[in-house]
Amino acid sequence: MAANVQDVIMLVGDSLTQFGWAQGGFAQLLADRYVRKLDVLNRGFSGYQTDWAIPVCEQIFAKQHEQHHVPKVKLLTIWFGANDAAPAPFPQHVPRDRYKENLSHLIQMVKSPTSAYYSPETRIILITPPPVNTTQWIMPTSPRVFETTKAYAEAVKEVGEKEKVPVADIWTTIFDGAGRTEEGCAKYLSDGLHLNSNGYSIVFQAITDIVERVYPELNPEGVKLQDVFIPWDEVNVQNPGPSLVKRNAEL
């Protein structure tokens with residue numbers, strides 16, 4: 001069993017998060033960027049939407065009395081909406097207003113001092129769903145509508161403003177990069193719904209930009225976040241043990 005050594009970045013979401021470990025995925029890029037400083041936990045669940053996310057997060061978030069036994073979640077990304085935006089009556093559909101309520105609920109689970117899961121050290125980033133390319137997406141059992149996904153991306157920004165949480169607006173960045181055409185989004189999508197490495201690069205850059213701007217204490221290139229174990233050339237060769245004691249990542 002691995003010891004509790006490094007604190008973590010937790011990625012919560014649907015298949016867009018789950019597939020983040022693929023070659024060029026944002027989880028992989030974050031793990032590389034934070035190596036020796038923070039671990040990356042991928043808690044992506046393909047096909048899930050926010051109604052289902054709440055009971056799942058009640059199990060994957062540590063409660064206050066448990067938090068001193070487990071790694072601290074220093075950064076939490078919440079990325080749902082691609083499935084919530086499926087049209088009714090498909091089972092993944094969540095009405096837009098309830099989708100917003102669910103996102104607020106997930107945020108308040110972490111931010112509210114009255115929550116059993118309150119974690120004041122955790123910084124949160126919301127991520128919008130990307131655009132869909134319906135000419136590319138060929139799954140009639142799980143249809144998507146371009147304008148509906150856009151409306152759900154706008155809903156994320158509304159929740160971010162209400163909850164005072166920064167938003168990675170990848171919908172807009174991808175659509176702009178696509179020449180503001182649905183078909184042009186194929187440059188960033190593997191199948192019309194899921195991202196390829198070009199799309200994940202945008203997600204990674206958006207998270208990095210928010211960290212540098214809003215949460216500079218979590219910038220791995222800054223002075224506040226250090227390696228948990230010292231560099232090899234600082235080890236006391238004559239008596240290495242005492243110099244190899246774990247230190248907090250944050251100065």
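Reading guide: rules and limits
Residues numbered from 1 in each chain as written. Predicted model: local features only at pLDDT ≥ 70, side-chain atom pairs only at ≥ 80, totals over all residues. Heavy atoms only, no water. Helix = DSSP H or I, 4+ residues; strand = E, 2+ residues; numbered from the N terminus. Rg over C-alpha atoms; globule rule 2.2 N^0.38 Å. Buried < 20%, exposed > 50% of the residue type's maximum accessible area, 1.4 Å probe, protein only. Contact = heavy atoms within 4.5 Å. Areas by Shrake-Rupley, 256 points an atom, 1.4 Å probe, with all protein chains shown as cover. Phe/Tyr/Trp six-rings, centres within 6.5 Å; stacked < 30°, edge-to-face > 60°. Salt bridge = Lys/Arg side-chain N within 4 Å of Asp/Glu carboxyl O. UniProt positions renumbered as here; feature names shortened; annotations may be inferred.

**With respect to the overall build of the protein chain**
Thinking step 1. Tallying secondary structure elements over the protein chain gives eight helices and five strands in all.
Thinking step 2. Mapped in sequence order, the helices and strands of the protein chain form the string β-α-α-β-α-β-α-β-α-β-α-α-α.
Thinking step 3. Over its C-alpha atoms the protein chain spans a radius of gyration of 19 Å, differing by no more than 12% from the 18 Å that the globule rule assigns to 251 residues.
Thinking step 4. Dimensions of the protein chain, computed from C-alpha atoms along their principal axes, come out at roughly 65 × 40 × 35 Å.
Thinking step 5. Across the 251 residues in the protein chain, those meeting the buried criterion constitute 49%.
Thinking step 6. For the protein chain, the proportion of contacts with a sequence separation of at least 24, taken over those separated by at least 6, is 75%.
Thinking step 7. As displayed, the protein chain has an accessible area near 12000 Å², and 55% of this comes from carbon and sulfur atoms.

**Section: the environment of isoleucine 210**
Thinking step 1. Inspection of the secondary structure puts isoleucine 210 in helix H7 (residues 197-214).
Thinking step 2. Between the alpha carbons of isoleucine 210 and proline 166 there is a distance of 7.1 Å; along the sequence they are 44 residues apart.
Thinking step 3. Apart from the residues lying within four places of it in its own chain, the contact partners of isoleucine 210 are Ile125, Pro166, Val167, Ala168 and Tyr215.

**Description of the packing of aromatic side chains**
Thinking step 1. On inspection of all chains with the given rule, the structure shows eight aromatic pairs.
Thinking step 2. Aromatic pair phenylalanine 26 and tyrosine 200: ring centres 5.8 Å apart, planes at 5°, arrangement stacked. Of this pair, phenylalanine 26 sits in helix H2 (residues 26-33) while tyrosine 200 is found in helix H7, placing the two residues 174 residues apart along the sequence.
Thinking step 3. Residue class for tyrosine 200 comes out buried when judged on its relative accessible area of 2%.
Thinking step 4. Considering the side-chain rings of phenylalanine 146 and phenylalanine 175, the 5.5 Å spacing of their centres and the 50° angle between planes classify their relative orientation as tilted. Of the two residues, phenylalanine 146 sits in helix H5 (residues 146-163) while phenylalanine 175 sits in helix H6 (residues 170-177), which places them 29 residues apart along the sequence.
Thinking step 5. For phenylalanine 146, a relative accessible area of 12% gives the class buried.
Thinking step 6. Given a relative accessible area of 8%, phenylalanine 175 falls into the buried group.
Thinking step 7. Joined through ring pairs, the aromatic side chains of Phe26, Trp79 and Tyr200 make up one cluster.

**Focus on the pattern of salt bridges**
Thinking step 1. Taken as a whole and judged by the stated rule, the model has 14 salt bridges.
Thinking step 2. For lysine 72, the salt bridge is made with glutamate 121, and the minimal N-O distance between the two is 3.5 Å. Taken together, the positions of lysine 72 in the loop between helix H3 (50-60) and strand S3 (73-79) and glutamate 121 in the loop between helix H4 (96-111) and strand S4 (123-127) put the pair 49 residues apart, joining distant regions of the chain.
Thinking step 3. Judged by relative accessible area, lysine 72 falls into the partly exposed class, the value being 41%.
Thinking step 4. Accessibility expressed as a relative area gives 36% for glutamate 121, which makes it partly exposed.

**Topic: unusual backbone geometry**
Thinking step 1. Here the amide bond leading from alanine 88 into proline 89 is cis, since omega sits at 10°, within 30 degrees of zero.
Thinking step 2. The phi angle at arginine 36 is positive, at roughly 75°, despite the residue not being glycine.
Thinking step 3. For arginine 36, a relative accessible area of 39% gives the class partly exposed.
Thinking step 4. Of note in this structure, lysine 164 is not a glycine but carries a positive phi near 60°.
Thinking step 5. Relative accessible area serves as the criterion here: at 70%, lysine 164 is assigned to the exposed category.

**Focus on the UniProt feature "domain: SGNH hydrolase-type esterase" (unreviewed entry) in the protein chain**
Thinking step 1. Under the local residue numbering, the UniProt record ascribes the feature "domain: SGNH hydrolase-type esterase" (unreviewed entry) to residues 12-201.
Thinking step 2. Between the C-alpha atoms that bound residues 12-201 the distance is 18 Å, and the span itself is 37% helix and 12% strand.

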